[in-house]
Amino acid sequence: MDDQLSSELTEKAGQIRLVIFDVDGVLTDGGLYFTDDGREMKKFNVKDGLGISLLIKNNIEVAVITGRNSVIVADRMRSLGVNHVYQGRLNKLETYENLKAALQIEDRQVAFVGDDVIDIPIMEKCGLPVAVADAHDSVIKKACWVLSKKGGDGAARQVCDVLLDSHNVTINGYEFTGRQ
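Once a new chain begins, its residue numbering starts again from 1 and follows that chain's sequence as written. Only residues with pLDDT of 70 or above have their local features reported here, since the model is predicted, and side-chain atom pairs are shown and tallied only from 80 upward, although totals for entire chains, interfaces and linings are computed over all residues. Excluded from the side-chain calculation are hydrogens and water; included are all heavy atoms of the structure.

A.B. asks: Any chance you could explain the nonpolar core here in plain terms?
C.D. replies: Soluble globular proteins: nonpolar side chains tend toward being buried together. In plain words, nonpolar cores are sets of buried Ala, Val, Leu, Ile, Met, Phe, Trp, Tyr and Cys residues tied together by side-chain atoms within 4.5 Å. A 1.4 Å probe rolled over the protein chains alone gives each residue an accessible area, and that area as a share of the maximum for its type sets the label: buried under 20%, exposed over 50%, partly exposed in between. Counting residues in hydrophobic clusters, the biggest one holds 54 residues, and the most contacted among them are Val19, Ile20, Phe21, Leu27 and Val113. Starting at the N terminus, helices and strands are each numbered in turn, a helix being any DSSP run of H or I of at least four residues and a strand any DSSP run of E of at least two. With 7 residues, helix H7 (residues 155–166) is the largest single contributor of residues to this core.

Encoded structure:
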């Protein structure tokens, strides 16, 4: 699917109260980088970060659910103001259900952005399942919306802008135009 969103997707986006991102392959490029002394490094996109911060400031909850554990992820999410950070979760669906219950949110009010097969159970339940452009083929088949951006390369910002637009957010006189 290209950047032109259908009226059905635009309507779904307007109902979203919580967006959940996977981390590796969605908020990062999926690469695992290690220094000579074995320390892990990750590259995050600053535009994705601003988009996430804008969602939070405009009362759209943001969460990350990832299968891996990383101090870097905890630090990055804390710096963005993301309060719902779940790491080391191979059963992402259980975490999803618990978070949804805690926030008193229905499936139709949740967007999930994923890239690999571990993400499919949530994608099958949430109201707006989204795949990054370079997602696994099976994830792309489950998505209602396939982004034009790859993970770590502005994919999260693409989602954020559409959600901000669908909630009629204006910042510094700028109206988000997710319906390109």
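A.B. asks: Please explain helix H4 (residues 92–103) as it appears in this structure.
C.D. replies: For an α-helix, 3.6 residues make a turn, and residues three or four places apart therefore share a direction. Residue count minus one, scaled by 1.5 Å, sets the expected span of a helix. Here H4 contains 12 residues, and its C-alpha end-to-end distance of 16 Å stays within 8% of the 16 Å for a straight helix at 1.5 Å per residue. Turning to H4, its buried residues are Lys92, Thr95, Tyr96, Leu99, Lys100 and Leu103. Around the axis of H4, the buried residues are gathered within 130° of arc, so they sit on the same side. Counted as exposed and oriented over 90 degrees from the buried face of H4: Ala101 and Ala102. In what follows, a contact means two residues having at least one pair of non-hydrogen atoms within 4.5 Å. The secondary structure elements touched by the buried residues of H4 are strand E1 (18–21), strand E4 (61–65), strand E5 (84–86), strand E6 (110–114) and helix H5 (120–123). Backbone geometry just downstream of H4 places Gln104 in the positive-phi region, at approximately 55°. The reported arc concerns the directions from the helix axis to the C-beta atoms and nothing else.

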